[in-house]
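# Examining the three-dimensional arrangement
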Amino acid sequence: MSIYDTLNDKQKEAVVHTEGPLLILAGAGSGKTKTLTHRIAYLIDKMDVNPWNILAITFTNKAAEEMKNRVMDLVGFGADQIWVTTFHSTCMRILRRHIDRLGYDTNFTIYDSDDQKTVMKNVCKKLNIDTKNFKEKTILNAISKAKDNLISVSDYEMSTLGDFSKVVYAKAYREYQDQLKKSNALDFDDIIVKTVELFRQFPEVLDYYQERFKYISVDEYQDTNKAQFELVRLLADKYRNLCVVGDDDQSIYKFRGANIRNILDFEEYYPEAKVIKLEQNYRSTQTILNAANSVIANNVSRKEKALWTEIGDGKKIRFSQLENAYDEANFIVDDISTAVRRGDYTYSDFAVLYRTNAQARNIEERLVLRGIPYNVIGGTNFYARAEIKDMIAYLKTIENGQDEVALRRIINVPKRSIGAASLDKLMDFAEISDDTLYGAMLNVDQIMGLGKAAQKIEGFVNLIRVLRSTYDAVGSIAGILKKLLEMTDYESYLYDQDEESAEDRMANIDELINKATAYEEENDEPTLTGFLEEVALVSDLDNADLEEARVPLMTIHSSKGLEFKCVYIAGMEDGLFPGYGAVMSDDREELEEERRLAYVGITRAREQLILTCAKMRMMRGETQINPISRFVKEIPRNLIDGYIPKSKYEREDSEYSYDYGRNTSDAGISSYDVRRSSYDSGLSSYDVRKSAAEPRLTARLKSASAPASVKPYYSDQIKQLNSISGIQKGMPAAKLDSLEYSTGDKVTHKKFGTGTVLSIVSETRDYKVTVDFDAYGKKIMYASFAKLEKL
DNA sequence: CACAGGTCTCTTTTT
DNA sequence: GAGACCTGTG
């Protein structure tokens, strides 16, 4: 019996198709990693391909790691010759060797999004761009989008066509790239873009890698953007042995430039491509798959497919709507605790998933209270913490004095009296002498008017020199970090800054030192450059240990590619998931992306899926009342165990709820429920249907009725809720019992004409309604005076 | 000039 | 509710 006998027919077909382009459409849990790893084994084993000639690109470091291990198990000897890496590490390895051809130094540094923002601030200042009108983030987004699509600065400049915003973006783009270049730095997008540029400009370099990588496979192909596609296309262009694996239904990174067209158009670019669909699922019960299938069926732009399994129906999906986020957290934690006590599951069998990182906190608090071990995966990046960024900035300066962002970050940290005025003088000098900031610092004696600061600058330069020579002598990264702490007395600085957090921050720095030590132990040739690179490209998620006996908490995005016996998805509410923006957007694609995310979440579960939501939830400082997510209602009701309040306009005889799921939404219903304005708000089912395509959303209650000092804690929350309902019971006569319109409705006003309701905030005496009038723009008014009428 | 405090804004997901 | 940013004060 060979290793290939465990494959099903479709998988086998994919494994033996080694020559020429291949598109594998692999549904969730259909054994795509297994197929890919066996295919690699087959190449080496049966086709006599040199492992050296194989490149396997994955999306995350974690996925790469897993694939590497699995290939190793199958192939054994020689497997370490295969490049199994992410897009970014692949490109980094190439760029470290050849980027000098593009005029960068090979020890270039990587800028994360914080660094990018810092650069963009400088750019705006220099170009006199008013950051009130043009937010740094907006400009950076525009630039990132351009890079994702391989639009160069000059391309962008030519495409502005007098569009004022685009002209500004183009100017910023040029200056931004100049500054990065000066700092010998690349941002994340550049890592891909520069590699493509390198290949296009230097055919001999491309040819080398084409010869090297005769067999290429790309995992999570649905998440690639145009630049990544071009990179792969170039590499594969000579031998055309390109195998891509993806699932258009799991494309959830459009916001980051992922182009779903890449998967839909693959056959167009490679007409000779073979297409194989893997639809048999080995992970979940049929119940869970049916739910996933019915939800995703509501999307229009997708390749038709349906998952099936031989596992059997299993347990029903559970659904529960709780009063508020605290009750929701309680419910989940109780549930986990009960199941573990019964001996059904252990902690690591669970996962609690959510749409936004902010939701983690509530659940975390309850877990702490119950003493249940847990792990919040992702969220705030370890390397984004201020003290860690300081340390990294020092390391970058030691390694590459050209990195201006890093240098400016630490030039006066800890305080050494090199203030803004001195910095300006240094910057001016650097500008005139066409030198870097650090270069200017080396020449303080030539700069006029620095006064006492000159000595301080010399002192700083000396510090860096000493650290540099320490590193050269000792070669230990952990060593320089310790020396750095000692020489700068960074600890005192932290205590001066904020006594309370200083201890935690020092602990973080210790953790960094541990990471440095670990890096030096794990690598044959550890270098400062290598460590900084790892720091820039490795995420929390990659280090997460899911085997540990802890309940993992993470966003649905982070959960992609993982599986758990028992999955909770919290916050199933319209306005949260799908998010507010997607619900309000005219762009159907946005909602479809959210739906794909729901599909990803649902298909993480092997045995049991539990969906929860809250009637009320604090969001951005306001208590929002959100209706049950449309995605819950898109699941056939017979699959669900749990009461879902029926919408009035649902067919009474219908067992399924997804009849209306396609084009309509009954969002808003639960808010009526809570506000007791009841289902008899005078809307005929026809009325609702007519307006339902426009999402009716969230009435809001201002949290102001709670005492100012109230911390969001369970009992206080109850009080707060009581006070809200108290207000509602004893409402002054002026306040209407309910409003006939809700968010998203078209209304008319005597003076301002027609408009759309943007939000409704319930205040003590009245509803504050924000309306976007067609002719007058946004107006805020009180419901009892405005006499708005629903159209 | 530094800092405390008030105001304003806010989608969300991350290699 | 949190973070960024601005402004007034000592």
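Residues numbered from 1 in each chain as written. Chains lettered and ligands numbered in written order. Predicted model: local features only at pLDDT ≥ 70, side-chain atom pairs only at ≥ 80, totals over all residues. Heavy atoms only, no water.

## Description of the overall build of chain A
When its secondary structure is counted, chain A shows 34 helices and 22 strands. Looking at the 791 residues of chain A, the share that counts as buried comes to 56%. Restricting the contact set of chain A to residue pairs at least 6 apart, pairs at least 24 apart contribute 73%. When the accessible surface of chain A is summed, it comes to about 34,700 Å², and 48% of that surface belongs to carbon and sulfur atoms. (Helix = DSSP H or I, 4+ residues; strand = E, 2+ residues; numbered from the N terminus. Buried < 20%, exposed > 50% of the residue type's maximum accessible area, 1.4 Å probe, protein only. Contact = heavy atoms within 4.5 Å. Areas by Shrake-Rupley, 256 points an atom, 1.4 Å probe, with all protein chains shown as cover.)

## Describing a negative patch on the surface
Together, Asp489, Glu491, Asp496, Asp498, Glu499, Glu500, Asp510 and Glu511 line one region of the surface with negative charge. Breaking the negative patch down by element, the ones donating at least two residues are helix H23 (490-497) and helix H24 (499-522). By the secondary structure assignment, Glu491 is in helix H23. With a relative accessible area of 37%, Glu491 lands in the partly exposed category. (Patch = residues over 30% accessible without salt bridge, like charges linked within 9 Å, V, L, I, M, F, W, Y side chains within 5 Å. Salt bridge = Lys/Arg side-chain N within 4 Å of Asp/Glu carboxyl O. Lys, Arg positive; Asp, Glu negative; His and termini not counted. Charge placed at Lys NZ, Arg CZ, Asp CG, Glu CD.)

## With respect to the sheet that holds strand S8 (residues 274-278)
If you trace the six strands from one edge of the open sheet to the other, you get S3-S2-S6-S7-S1-S8, paired in parallel fashion. The open sheet has two edge strands, strand S3 (83-86) and S8, and neither has a second partner. Each strand axis lies, on average, 15° off the axis of its neighbour in the sheet, ignoring direction. Looking at chain direction, strand S6 (residues 215-218) and strand S7 (residues 242-246) are connected through three bridges and run parallel. Paired with Ser217 across the strands is Cys243, a residue of S7. Its contacts with the sheet put helix H11 (residues 226-236) on strand S2 (54-58), S6 and S7, and the angle it makes with S6 is roughly 160°. (Pairing = 2+ DSSP bridges. Axes fitted to C-alpha atoms, helices over the stretch in contact; angles between N-to-C directions.)

## Notes on the pairing of S2
Look at any regular strand and the pattern is simple: side chains alternate between the two faces of the sheet. A large share of S2 lies buried, amounting to five of its five residues. Neither face of S2 is left uncovered, since the one carrying Ile54, Ala56 and Thr58 and the one carrying Leu55 and Ile57 both have all their residues buried. In this sheet, S6 lies alongside S2 in parallel orientation, the contact comprising four bridges. Within the sheet, the bridge partner assigned to Leu55 lies in S6 and is Ile216. Note: S2 against S3, four bridges, orientation parallel. Its bridge partner lying in S3, Ala56 is registered against Val84. Read as a crossover between parallel neighbours, the route from S2 over helix H3 (residues 61-75) to S3 is right-handed. (Right-handed = clockwise from strand over helix to strand, strands pointing away.)

## A closer look at the pattern of salt bridges
Taken as a whole and judged by the stated rule, the model has 51 salt bridges. Notably, a salt bridge pairs Lys615 with Glu323, separated by 3.2 Å at the nearest N-O pair. Taken as a pair, Lys615 in strand S14 (residues 605-619) and Glu323 in strand S9 (residues 317-324) lie far apart in primary sequence, 292 residues in all. On the basis of relative accessibility, which here comes to 17%, the residue Lys615 falls in the buried class. Linking Glu593 and Arg596 is a salt bridge whose minimum nitrogen-to-oxygen distance equals 3.1 Å. Separated by three residues within a single helix, Glu593 and Arg596 lie in helix H29 (residues 588-602), roughly one turn from each other.

## Examining the packing of aromatic side chains
The full count for this structure, using the stated rule, is 20 aromatic pairs. An angle of 85° between the planes, with centres 5.3 Å apart, marks the rings of Tyr4 and Tyr42 as edge-to-face. Here Tyr4, found in the segment before helix H1 (9-16), pairs with Tyr42, found in helix H2 (residues 32-45); they are 38 residues apart in sequence, far enough to count as distant. Residue Tyr42 is classed as buried on the basis of its relative accessible area of 16%. (Phe/Tyr/Trp six-rings, centres within 6.5 Å; stacked < 30°, edge-to-face > 60°.)

## Thoughts on the state of the cysteines
Per the counting criterion, the structure on display carries zero disulfides. Counting only cysteine sulfurs, Cys243 is the nearest neighbor of Cys91, a cysteine outside any disulfide, at a range of 19 Å. No disulfide involves Cys613; its sulfur sits 18 Å from that of Cys566, the nearest cysteine. (Disulfide = S-S within 2.5 Å.)

## As for the confidence of the model for chain A
Low pLDDT marks stretches whose predicted atomic positions should not be read closely. For chain A, mean pLDDT is 82; residues scoring 70 or higher make up 86% of the total. When the criterion is pLDDT under 50, residues 648-731 qualifies, and its contacts beyond four places in sequence or with other chains add up to 162 contacts. (pLDDT = per-residue confidence, 0-100.)

## Remarks on the nonpolar core
A general trend in soluble globular proteins is that nonpolar side chains are found buried together. If you look at the biggest cluster of nonpolar residues, it comprises 55 residues, and the most contacted ones within it are Met441, Phe460, Ile477, Leu481, Ile509 and Leu512. Here the element with the most residues in this core is helix H21 (residues 453-474); it accounts for nine residues. Once you skip the residues sitting within four places of it in the chain, Leu481 turns out to touch Met391, Leu395, Leu512, Ile513 and Ala516. Core analysis: the second largest hydrophobic core is formed by 47 residues, Ile57, Phe87, Leu150 and Ala227 among them. (Core = buried A, V, L, I, M, F, W, Y, C linked by side-chain atoms within 4.5 Å.)

## With respect to the protein's contact with DNA strand B
Around DNA strand B, 17 residues are found, and the nearest of them are Phe59, Phe255, Arg256, Arg355 and Ser558. If you look at DNA strand B and keep only atoms within 4 Å of the protein, 53% of those are sugar or phosphate atoms. Here a sugar or linking oxygen of DNA strand B and a backbone polar atom of Phe59 are 3.0 Å apart. Sorting the residues of the surface near DNA strand B by element identifies helix H27 (556-559) and H29 as the ones contributing at least two each. Of the residues contributing to the surface near DNA strand B, the split by class is four nonpolar, eight polar and five charged. (Near = heavy atom within 4 Å. Polar contact = N/O pair within 3.5 Å; in protein donor to acceptor, adjacent residues only side chain to side chain. Nonpolar A, V, L, I, M, F, W, Y, C, P; charged D, E, K, R; others polar.)

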